[in-house]
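Spelled out, the chains give:
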Amino acid sequence: MEPSILDYYNDYPSMIKIIDKINEENNHLQDELDTTKGELDSIKGELEFYKSIFKTHRNSVVYNLYIKYKDKQRLWIDKIRTDYYELKQLDEDDDIKEWLKPVRCER
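Parameters and conventions
Sequence order sets the numbering: in each chain, residues are counted from 1 along the sequence as written. Local features in this predicted model are restricted to residues of pLDDT 70 or higher, and side-chain atom pairs are both shown and tallied only at a pLDDT of 80 or more, whereas totals for entire chains, interfaces and linings draw on every residue. Side-chain figures throughout are based on the complete set of non-hydrogen atoms in the structure, without hydrogens or water. To qualify as a helix, a DSSP run of H or I must reach at least 4 residues; to qualify as a strand, a run of E must reach at least 2; elements of each kind are numbered from the N terminus. Only protein chains enter the accessibility calculation, which uses a 1.4 Å probe; a residue whose area is less than 20% of its type maximum is buried, one above 50% is exposed, and one in between is partly exposed. A pair is scored as a salt bridge if a Lys or Arg side-chain nitrogen falls within 4 Å of a carboxyl oxygen belonging to Asp or Glu. Patch membership is restricted to residues that have no salt bridge and whose relative accessible area is over 30%. Joining uses 9 Å for like charges and 5 Å for the nonpolar side chains Val, Leu, Ile, Met, Phe, Trp and Tyr. Throughout, the Shrake-Rupley method with a 1.4 Å probe supplies accessible areas, and for residues the shown protein chains are the sole cover considered. Contact criterion: two residues are considered in contact whenever any of their non-hydrogen atoms come within 4.5 Å of each other. For two strands to pair, DSSP has to find at least two bridges joining them. Each Phe, Tyr or Trp ring (for Trp, its six-membered ring) is paired with any other whose centre lies within 6.5 Å, and the angle between the two planes then decides the class: stacked below 30 degrees, edge-to-face above 60, tilted in between. Cation placement over rings: the criterion is NZ of Lys or CZ of Arg within 6 Å of the ring centroid and within 35° of the ring normal.

Caption draft 1: Up close: unusual backbone geometry. One non-glycine residue, Asp71, lies in the positive phi region at around 55 degrees. With respect to the element layout, Asp71 can be found in the loop between strand S1 (65-70) and strand S2 (73-78). Of the residues examined, Asp71 reaches a relative accessible area of 60% and is grouped as exposed. Residue Lys72 is not a glycine yet carries a positive backbone phi of 65 degrees.

Caption draft 2: Representation of the pattern of salt bridges. Overall, the coordinates contain six salt bridges when judged by the stated rule. Its salt-bridge partner being Lys51, residue Glu48 comes within 3.8 Å of it at the nearest N-O pair. Residue Glu48 and its partner Lys51 are both found in helix H2 (residues 14-51); the two are separated by three residues, about one turn of the helix. Here Glu48 falls in the partly exposed class, since its relative accessible area comes to 44%. With a closest N to O distance of 3.7 Å, Lys101 and Glu98 form a salt bridge. Connected through salt bridges with shared partners, the residues Lys68, Asp93 and Asp95 form a single ionic network.

Caption draft 3: Geometry of a nonpolar patch on the surface. Where nonpolar side chains cluster on the molecular surface, the patch consists of Met15, Ile16, Ile18, Ile19 and Ile22 and spans about 400 Å² of accessible area. Among the structural elements, Met15 can be located in helix H2.

Caption draft 4: Quick peek at the environment of Asp78. Along the chain, Asp78 turns up in strand S2. On the basis of relative accessibility, which here comes to 3%, the residue Asp78 falls in the buried class. Residues Asp78 and His57 lie 21 residues apart in sequence; the distance between their C-alpha atoms is 7.9 Å. Asp78 has contacts with His57, Ser60, Asn64 and Leu65, leaving out every residue within four places of it along the chain.

Caption draft 5: Geometry of the environment of Tyr84. In this fold, Tyr84 is placed in helix H4 (residues 84-89). With 15 residues separating them along the chain, Tyr84 and Trp99 place their C-alpha atoms 8.7 Å apart.

Caption draft 6: Structural view of the pairing of S1. Across six bridges, the pairing between S1 and S2 is antiparallel. What sits directly across from Ile67, in S2, is Trp76. Between the end of S1 and the start of S2, which pair antiparallel, lie two residues, with Asp71 showing a positive phi angle near 55 degrees.

Caption draft 7: Structural view of the packing of aromatic side chains. Overall, the coordinates contain four aromatic pairs when judged by the stated rule. With a centroid separation of 5.7 Å and 75 degrees between ring planes, the pair formed by Phe49 and Tyr50 is classed as edge-to-face. Residue Tyr50 is classed as partly exposed on the basis of its relative accessible area of 39%. Between Tyr66 and Trp99, the aromatic rings sit 5.1 Å apart at their centres with planes inclined by 65 degrees, giving edge-to-face as the arrangement. Of this pair, Tyr66 sits in strand S1 while Trp99 sits in helix H5 (residues 94-100), and the two are 33 residues apart along the sequence. Grouping aromatic residues by their ring pairs yields a cluster made of Phe49, Tyr50 and Trp76. Here the guanidinium or amino end of Arg74 rests over the ring plane of Phe49, the centre of that ring lying 4.0 Å away.

Structure follows, in structure tokens:
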């Protein structure tokens, strides 16, 4: 574009304003892209965690599996196949406390 007469009287040519707006829009879109990439990475992590059921608990029934924490790391626990020692190593919550209680024999 050729300079206009107004550009002679202004400190900056009018094209600078357009370039500034395009740069602002680019920065905004780049920030949005970065947050979307972060969300995508976290969702991929979730997906890999849920896929790990088939690698770690092949012979377990899915409704017996629970997500529990060990040293603040998520892992799958089969409440039927897990022994007392493994339960004691997990981060304690209400379910773990209940599972650690001795089972009374009913007659």
